[in-house]
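Next come the chains, spelled out residue by residue.
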Amino acid sequence: MKGLKCEQDLFCGINRPKSSKPEEMSDLEKKHTPVIEISGKPEKGEPLEVTVKVGEHLKHPNEHGHFIQWIELYSGNTFLGRTDFASERANPKAVFTVKLDHIHPLKALEHCNLHGTWEATKEI
Ligand SMILES: [Fe+2]
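Because the structure is predicted, anything quoted here is derived from the model rather than measured. (Residues numbered from 1 in each chain as written. Predicted model: local features only at pLDDT ≥ 70, side-chain atom pairs only at ≥ 80, totals over all residues. Heavy atoms only, no water.)

Asker: An account of the sheet that holds strand β5 (residues 78-84) is needed here, citing residue identities and associated values.
Answerer: In space, the five strands of this open sheet follow the order β1-β8-β7-β4-β5, with mixed pairing throughout. At either end of the open sheet lies a strand with only one pairing partner, and these are β1 (14-15) and β5. Summarising the sheet, strand β7 (residues 106-112) and strand β8 (residues 116-122) pair through seven bridges and their orientation is antiparallel. Within β8, the residue paired with E110 across the bridge is W118. (Pairing = 2+ DSSP bridges. Helix = DSSP H or I, 4+ residues; strand = E, 2+ residues; numbered from the N terminus.)

Asker: How would you sum up the packing of aromatic side chains? Please name residues and give values.
Answerer: Overall, the coordinates contain one aromatic pair when judged by the stated rule. Ring plane angle 70° and centroid distance 5.6 Å describe the contact between Y74 and F79, whose orientation is recorded as edge-to-face. Residue class for Y74 comes out buried when judged on its relative accessible area of 15%. The ring centre of Y74 lies 5.1 Å from the NZ or CZ of K107, which sits over that ring. (Phe/Tyr/Trp six-rings, centres within 6.5 Å; stacked < 30°, edge-to-face > 60°. Buried < 20%, exposed > 50% of the residue type's maximum accessible area, 1.4 Å probe, protein only. Lys NZ or Arg CZ within 6 Å of the ring centre and 35° of its normal.)

Asker: Explain the coordination of the iron ion to me, and be specific about the residues and the numbers.
Answerer: Within the first shell, the iron ion binds the protein through H32 (NE2), H60 (NE2), H66 (NE2), C112 (SG) and H115 (ND1), at distances of 2.1 to 2.3 Å. Sequence positions of the donors to the iron ion reduce to the motif H-x27-H-x5-H-x45-C-x2-H. Here H32 is found in helix α1 (residues 27-32), whereas its partner H60 is found in the loop between β3 (47-53) and β4 (68-75), with 28 residues between them in sequence. Considered together, H32 and H60 belong to a single accessibility category, that of buried residues. (Donors = N, O, S within 2.8 Å, 3.2 Å for Na, K, Ca; no water.)

In structure tokens, the structure reads:
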């Protein structure tokens, strides 16, 4: 729509880095793109530990006026869990133990109070 510049508005939709390679990301992308790590081999019906961190490529501020508010984890589009954070006293890292019925790519969303919602996916 004319007059709306959604593609330039970080709070319009979900932000994704232009490249998945950290060396090709902007500083904004490095600070906000979640990093998904798994511990162990994903198998249907078996517990799988998934860690999601924000600021792994470049540290994100963690102060009252600028911080990561939450992280969510999905298997494909199936919601698995959410962690909320307080500013200053909580680092933006969440560990989930999940049991998957189907093996789909994992998706993590995080929300920064100043820079909107960011997504990363990981094939498993
Ligand atoms: Fe931010």
